[in-house]
Amino acid sequence: MQEDRKTDRAPGCGVLADLGIDPPVLLAPLAGITDLPFRRVVSSFGAGLVVSEMIASQEMVQAKPSMRAKARAELGLGEVRTAVQLAGRDTYWLAEAARMVADNGAEIIDINMGCPAKKVVGGMSGSALMREPDLALRLIEAVVSAVDVPVTLKTRLGWDDDTLNAAGLAVRAANAGVRMVTIHGRTRCQFYKGKADWVAIGDVVRACPVPVIANGDVTSRATARAALAQSGAAGVMIGRGAQGRPWLLAQVAADLFGSAPPEVPKAQALVALVSAHYEAILSFYGRELGIKTARKHLGWYSDAANGSTVLRHKLLTATDPAEVLRLLPEALVPLQDLERAA
């Protein structure tokens with residue numbers, strides 16, 4: 001059983017301010033979710049850092065110039081408080097990708113050694129590198145040597161319960177020049193099953209000379225507080241908890257670190273936010289792909305607003321953007337609130 005343990009770390013102490021990460025509440029990279037439109041919405045409420053979807057280093061470097069230009073646009077390079085996450089297992093390609101994104105405005109480069117997806121692990125990248133710490137270190141050294149911007153690392157606790165080596169890797173990474181380490185409190189073999197072990201993240205915190213961020217099952221202000229208490233981490237990273245609630249990071253930052261609390265949109269303000277996000281998705285992806293991509297976000301917004309099941313279904317099956325925008329007030333705002341606003 002996990003028990004809260006006290007930490008001497010003072011809220012708002014700015015331990016990551018030298019990296020431009022203040023408050024220390026970060027948006028996790030989620031494939032197919034944390035695209036540029038979503039990151040911009042989260043950033044608008046206030047987040048210490050948002051992280052791009054994971055980029056395969058070799059594919060990015062070898063892409064045609066037109067595709068590289070498209071990738072640069074999609075990454076939002078140069079935007080405030082944005083990190084680009086890279087994956088790979090070859091020092092040359094990872095270093096070249098790091099140079100490319102740094103030269104185009106990336107403020108921070110994050111190395112992914114935590115993704116558990118079979119496709120990524122099958123290519124011996126992501127959390128597969130937890131089984132090859134010497135190779136992992138060479139990759140880290142290659143990236144740190146290639147760029148002048150800060151480099152960070154994201155891992156899991158280990159490959160499985162018999163190889164909990166996150167603390168050792170974090171120490172070696174810090175000695176190689178990594179400025180921050182984020183630990184998802186599960187092993188690769190757990191995927192997303194069970195509960196994140198925030199106490200085990202504390203082992204990394206105590207061993208590592210650079211700030212450690214706790215990730216995994218942080219879905220509310222209460223769980224964020226518990227994750228910090230049990231791990232002693234410098235901050236938290238939030239992923240799935242922000243789905244449909246892009247203001248959550250700012251709420252956590254206000255509760256734990258004394259930042260200004262966000263104005264959580266309700267009623268017509270929520271409709272305006274979701275409408276703007278929807279139109280940004282269509283602009284970003286184009287009409288056909290945008291309609292499909294937006295559906296998951298519309299579903300999450302509807303769930304967070306406790307919208308009607310019938311209206312949720314209509315939202316997610318509509319093929320005309322005008323129809324979606326027409327349905328949003330009904331789907332997101334309780335009838336009594338609509339009547340008061342009329």
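This text goes with the structure placed above it.
Note that the structure is a prediction, hence the values are computed from the model and not measured. Residue indices follow the written sequence of each chain, beginning from 1 at its first position. The predicted nature of this model means local features are confined to residues of pLDDT at least 70 and side-chain atom pairs, given and counted, to a pLDDT of 80 or more, with totals for whole chains, interfaces and linings taken over all residues. For side-chain calculations, the full set of non-hydrogen atoms in the structure is used, while hydrogens and water are omitted.

(A) The environment of Gly126, seen in detail. Tracing the sequence through the fold places Gly126 in the loop between α5 (118-122) and α6 (133-146). A residue is classified by how much of its surface remains accessible, and Gly126, at 0% relative accessible area, is buried. Separated by 13 residues in the primary sequence, Gly126 and Met113 have C-alpha atoms spaced 4.1 Å apart. Here, two residues are considered to be in contact whenever any of their heavy atoms come within 4.5 Å of each other. Gly126 has contacts with Asn112, Met113, Gly114, Cys115 and Val120, leaving out every residue within four places of it along the chain. Helix numbers and strand numbers start at the N terminus; a helix is a DSSP run of H or I with at least 4 residues, a strand a run of E with at least 2. Here the term buried applies to any residue with accessible area under 20% of the maximum for its type, exposed to any over 50%, and partly exposed to those in between, with areas from a 1.4 Å probe on protein chains only.

(B) Representation of the pattern of salt bridges. Any Lys or Arg side-chain nitrogen located within 4 Å of an Asp or Glu carboxyl oxygen qualifies as a salt bridge. Tallied over the full model, the rule gives 8 salt bridges. Linking Arg89 and Glu132 is a salt bridge whose minimum nitrogen-to-oxygen distance equals 3.2 Å. A residue pair is termed long-range when its members are at least 10 positions apart, and Arg89 in the loop between β4 (82-87) and α4 (91-103) and Glu132 in the loop between α5 and α6 qualify at 43 residues. Here Glu323 and Arg326 are joined by a salt bridge, their closest N and O atoms 2.9 Å apart. Of the two residues, Glu323 and Arg326 are both situated in helix α14 (residues 321-332); the distance of 3 residues between them amounts to about one turn of the helix.

(C) Focus on the packing of aromatic side chains. Two aromatic rings from Phe, Tyr or Trp, using only the six-membered ring of Trp, form a pair when their centres are within 6.5 Å; if the ring planes differ by under 30 degrees the pair is stacked, by over 60 it is edge-to-face, and anything between is tilted. A full pass over the atoms with the stated rule returns 3 aromatic pairs. On the basis of an interplanar angle of 70 degrees and a centroid distance of 5.9 Å, the ring pair of Phe45 and Trp247 is categorised as edge-to-face. In this pair, Phe45 sits in helix α1 (residues 36-45) while Trp247 sits in the loop between β9 (235-238) and α10 (248-257), placing the two residues 202 residues apart along the sequence. Here Phe45 matches Trp247 in class, with each residue buried.

(D) Representation of the nonpolar core in the model. Counting residues in hydrophobic clusters, the biggest one holds 73 residues, and the most contacted among them are Val101, Met113, Ile140 and Leu153. Leave out the neighbours within four places in its chain, and Ile140 touches Ile111, Met113, Leu153, Leu169, Ala173, Ala176 and Val178. Only buried residues count toward a nonpolar core, which is a set of Ala, Val, Leu, Ile, Met, Phe, Trp, Tyr and Cys residues joined through side-chain atoms within 4.5 Å. If you look at the next biggest cluster of nonpolar residues, it comprises 24 residues, including Leu270, Ile291, Leu328 and Ala331.

(E) Up close: the packing of helix α13 (residues 309-317) against α14. Axis lines are fitted to C-alpha atoms, over the contacting stretch for helices. Their N-to-C directions set the angle, which ranges from 0 to 180 degrees. The interhelical angle for the contact between α13 and α14, taken along N-to-C directions, is 160 degrees, at an axis separation of 10 Å. Taken as axis vectors, α13 and α14 run roughly antiparallel relative to one another. In this structure, the crossing between α13 and α14 has a hand that is left-handed. Across the interface between the two elements, Leu311, Lys314 and Leu315 of α13 pack against Val324, Leu327, Leu328, Glu330 and Ala331 of α14. Should an angle fall under 35 degrees it is taken as roughly parallel, and over 145 as roughly antiparallel, whereas 65 to 115 is taken as roughly perpendicular and any remaining angle as oblique. Helix crossings fall into two classes, left-handed where the near helix is turned counterclockwise from the far one by less than a right angle and right-handed where it is turned clockwise.

(F) Representation of unusual backbone geometry in the model. Look at the link from Asp22 to Pro23: it is a cis peptide, with omega at 10 degrees. Its place among the elements puts Pro23 in the segment before β1 (25-27). Within the chain, Met124 stands out as a residue other than glycine whose phi angle is a positive 65 degrees. Taking relative accessible area as the criterion, Met124 reaches 29% and is therefore assigned partly exposed.

The quantities given are spatial measurements derived from coordinates; they are silent on function.
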